[in-house]
Amino acid sequence: PVACSPRAWASGSVFLLLQGLLGVTVNGLEKTVSFDYPYLPSYVREVVVRNLVVGDACLDVAVRRQEEDVTVVLLRKKGDVEIVVRKPSSADYFG
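The structure displayed is predicted, hence computed values, not measured ones. (Residues numbered from 1 in each chain as written. Predicted model: local features only at pLDDT ≥ 70, side-chain atom pairs only at ≥ 80, totals over all residues. Heavy atoms only, no water.)

## Digging into the side chain of Asp60
Tracing the backbone through its elements, the reader meets Asp60 in strand β4 (residues 57–66). A distance of 2.7 Å separates the side chain of Asp60 from the backbone nitrogen of Asn51, its partner in a polar contact. Beyond its immediate chain neighbours, meaning those up to four positions away, Asp60 contacts Val49, Arg50, Asn51, Val73, Leu74, Leu75 and Arg76. (Helix = DSSP H or I, 4+ residues; strand = E, 2+ residues; numbered from the N terminus. Polar contact = N/O pair within 3.5 Å; in protein donor to acceptor, adjacent residues only side chain to side chain. Contact = heavy atoms within 4.5 Å.)

Written out as C-alpha cells, the structure is:
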C-alpha cells in the first residue's frame, strides 16, 4: 500500500463531519431524530438528508442557513418519527 491510496475509513469521515456539524442523533427505539445546536459554516447554505430511516419510518430533512441562524425543515415524513431541535437560549450566553 502507498500513502496516497484511499482507505475505507476515509469514506466514513464525511458522515462523521455532518453528524458533528448538525448535532444529529438518531434513536430508532424511541423513533426520534435530534438536532442539538446545528451549525453550518458560512459557505454552506443548505444540507439535505434524504431517506433517513428511523425504525420503520423514513424522512427527508433540510438544514438551511439563514443569516446567523440555522433552521431544520421537514421535507417528507413516512411513518411515526419525531424531530427535536435544540438551539442555544439567551441563558446559554448570559448565564
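There is more to say after this.
## Details of unusual backbone geometry
Residues other than glycine seldom take positive phi values, yet Tyr37 does so here, at roughly 55°. In this structure, Tyr37 sits in the loop between β2 (32–36) and β3 (46–54). The backbone of Glu67 sits at a positive phi, close to 55°, despite the residue not being glycine. Along the chain, Glu67 turns up in the loop between β4 and β5 (69–78).

## Topic: the environment of Asp36
Tracing the sequence through the fold places Asp36 in strand β2. Taking C-alpha positions, Asp36 is 8.0 Å from Thr25, a pair spaced eleven residues apart along the chain. Apart from residues no more than four positions distant in its own chain, Asp36 is found in contact with Leu22, Gly23, Thr25 and Arg86. A distance of 2.5 Å separates a polar atom in the side chain of Asp36 from a polar atom in the side chain of Arg86.

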